[in-house]
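Survey of secondary and tertiary structure
The primary structure of each chain is shown beneath.
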Amino acid sequence: MRILLYNPDNGVTRNFMPHLWMFLLQALTPPGHEVLLVDGNAQPMGETQIAQFVRDQNIGLVGIGAMTRMVARAYRMADAIRATGVPVVVGGPHVTEEADEALGRDGGPRHADAVALGEADETWPQIVEDAVRGELKEIYAPVDAMGKERKPSLNHYPTIPWDKLDLDQFNLIPKLMHPLLKGFREGWGTFRIVPVESGRGCPYGCEFCTVTGFFGDSIRFRTNESVVNELLLLKARARKEGGQIAVFFIDDNFAINIKRTKSLLRDIIAAKAQVFWVAQISANLLRDEELVDLIAASGGKWIFIGMESIDPANLKDVNKGFNKPGEYAAVLERLAKRNIYAITSFIFGMDNDTPGVAERTLQQVRTWPPGLPIFGLLTPLPATPLYKRLEAAGRLTRPRHWLDFVPFTMAHTPLKMTIEEAHAELNYGWAHSYSPEALAQAVAALDDQHVGDRFNIFLARLCFRGIYFPMMRKSSWLRVVLENRRTILRLLKEGVFRWARPRNSGSQDSFDVAT
């Protein structure tokens, strides 16, 4: 049987990294089946196109994974596929909490033949075998013989054959640039950001977050050897094809067990398995100087930190009081001293927010080393404690907001400002962080650093700008390039000067890898 695993985009913004679940399920598929992968972020398709693809490729089963923000699109694509007569299984955090919605049991239309609840590591092989026999059940849940939910162990993690997979759709280098860049220094014909997990679960239980509900509050880890071997495989592939690989450790808190994280990073260093990597780590865990040293030595370049707010009252309200705004600056300085920079995430529309919260936040951000500030609105996701609290208080304005997805739009009424005021604060944060002037200031703040580090900051800000401002067309990119032409020309001029200078053969210029 030919199987399609499809990950939808949300139709508004596109991720620059594929989702791990597709590769993981492909590796867990029983022998004798061919699995095709399509990520809507890399290969945009409409309903008509995906239906034709399924017919042309003689697909017998389709698996779709979707988070809440993309579930409306997932349902539309599933409807188009089911209209061809091919069964669809939908999984992920959203349908785990809203299975009746996907199956049409809530009075709405049916979008799936079956749903996979929770982690599908153990249920996926059974789903495939049932589909072959034409005996799909409606619900697949990872439970033990007593009917109790069971979380899969990661001790025997499947090997994802990164050296053999077709990853062309995930190359971030434009095709026209491949021949030129393949021979540039250590090779830039390809550049991919690849998701890798080293563990699952989070004990913190932040009120707005779905992670603890989906993965559980106890942490499960892969073996160090398994993670190191995967990095070595990725590194070897990049070298073989004259390209570059970066890794995003998608663990919800990569350093949740500091002792274990240090052990893993030491093993990465010992095996020379370093690749540039990004991970999510909460600020309270980055007080550890040795941990930050190991992050730098093992290839860590960007750390995503969910700061959420500079107001301790807000953090306490959403059960994230372990964040201490007073130590944010020290944490970021500690990282910056090792040439590691932060993606700092903030949420507006929290219960203690008032008009002007964006500027108050930016006043703090401007005193920190330059990084990538991103902003969102407090969003009640289904089954989270936040959703239940707002529902009980009658504050939900769009109880099923995901079925009419509108990005960056409130679904409840804040306490101390209007919905329109919250939207204005969000726009202010993005506009004043990603204007040409703000980008130039971020680069200038690193004037004492290598040009490669400044180029990294600038390129990353250009890309992250597209999270909020539409940049999905070539014309949009051209406009942004023109707006930032002075900063670009300045960086290119200095970069060419450094590249042309004679270099010590025993050293490695960080501009090579940064650009």
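All values derive from a computational prediction rather than experimental measurement. (Residues numbered from 1 in each chain as written. Predicted model: local features only at pLDDT ≥ 70, side-chain atom pairs only at ≥ 80, totals over all residues. Heavy atoms only, no water.)

1. Description of the overall build of the protein chain
Within the protein chain one finds 21 helices and 14 strands. For a compact globule of 515 residues, the expected C-alpha radius of gyration is about 24 Å, and the protein chain comes in at 23 Å, within 12% of that figure. Within the span of the protein chain, comprising 515 residues, buried residues form 52% of the whole. Summed over all atoms, the accessible surface of the protein chain reaches about 22,900 Å², with 55% contributed by carbon and sulfur. Looking at the protein chain, you have 60 positive and 59 negative side-chain charges, and the mean spots of the two groups are 6 Å apart. (Helix = DSSP H or I, 4+ residues; strand = E, 2+ residues; numbered from the N terminus. Rg over C-alpha atoms; globule rule 2.2 N^0.38 Å. Buried < 20%, exposed > 50% of the residue type's maximum accessible area, 1.4 Å probe, protein only. Areas by Shrake-Rupley, 256 points an atom, 1.4 Å probe, with all protein chains shown as cover. Lys, Arg positive; Asp, Glu negative; His and termini not counted. Charge placed at Lys NZ, Arg CZ, Asp CG, Glu CD.)

2. Side note on the layout of surface pockets
Taken as a whole, the second largest pocket spans an internal volume of roughly 460 Å³. What lines the second largest pocket is a set of 26 residues, and nearest its centre among them are V365, W368, P369, P370 and R461. (1 Å grid on protein atoms, 1.4 Å probe; cavity = no way out; pocket = protein on both sides within 12 Å on 5 of 7 lines; lining within 4 Å. Points joined across faces, edges and corners; volume = space filled by probe spheres on them.)

3. Here's the deal with the side chain of N314
Tracing the backbone shows N314 in helix α12 (residues 312-317). Side-chain polar atoms of N314 contact the side chain of S309, separated by 3.3 Å. Apart from the residues within four sequence positions on either side, N314 is in contact with S309, M350, D351, N352 and D353. (Polar contact = N/O pair within 3.5 Å; in protein donor to acceptor, adjacent residues only side chain to side chain. Contact = heavy atoms within 4.5 Å.)

4. Quick look at the state of the cysteines
Inspection of every chain in the model, using the stated rule, returns 0 disulfides. With no disulfide of its own, C206 lies 6.1 Å from the sulfur of C209, the closest cysteine sulfur. (Disulfide = S-S within 2.5 Å.)

5. Some details on the pairing of strand β13 (residues 341-348)
Of all 8 residues in β13, 8 are buried; the element is thus mostly enclosed. Alternating positions in β13 separate into two faces, Y341, I343, S345 and I347 on one and A342, T344, F346 and F348 on the other, with burial throughout. Note: strand β12 (residues 300-308) against β13, 6 bridges, orientation parallel. In the sheet register, F304 faces β13, and the bridge partner there is I343. Taken together, the 6 bridges between β13 and strand β14 (residues 372-377) define a ladder with parallel strand orientation. (Pairing = 2+ DSSP bridges.)

6. Quick notes on the packing of helix α2 (residues 47-56) against helix α3 (residues 71-82)
It is the contact of α2 with α3, at a shortest axis distance of 8 Å, that shows an interaxial angle of 45°. It follows that α2 is oblique to α3 by the angle criterion. Considering the relative orientation of α2 and α3, their crossing is right-handed. Each of E47, I50, A51 and V54 in α2 lies in contact with α3, whose residues at this interface are R76, M77, A80 and I81. The residue inventory of the contact of α2 with α3, partitioned by class, reads 6 nonpolar, no polar and 2 charged. (Axes fitted to C-alpha atoms, helices over the stretch in contact; angles between N-to-C directions. Parallel < 35°, antiparallel > 145°, perpendicular 65-115°, else oblique. Left-handed = near helix turned anticlockwise from the far one by under 90°. Nonpolar A, V, L, I, M, F, W, Y, C, P; charged D, E, K, R; others polar.)

7. Quick look at the nonpolar core
In this structure, I305 and L335 are the most contacted members of the largest nonpolar core, which totals 108 residues. Looking at this core element by element, the count peaks at 7 residues for helix α18 (residues 451-465). Those residues within four positions of I305 in sequence are excluded, and the remaining contacts are I281, A283, L286, V331, L332, L335, A342, I343, T344 and S345. Counting 41 residues, the second-largest nonpolar core is a separate cluster that includes A80, A112, M350 and W402. (Core = buried A, V, L, I, M, F, W, Y, C linked by side-chain atoms within 4.5 Å.)

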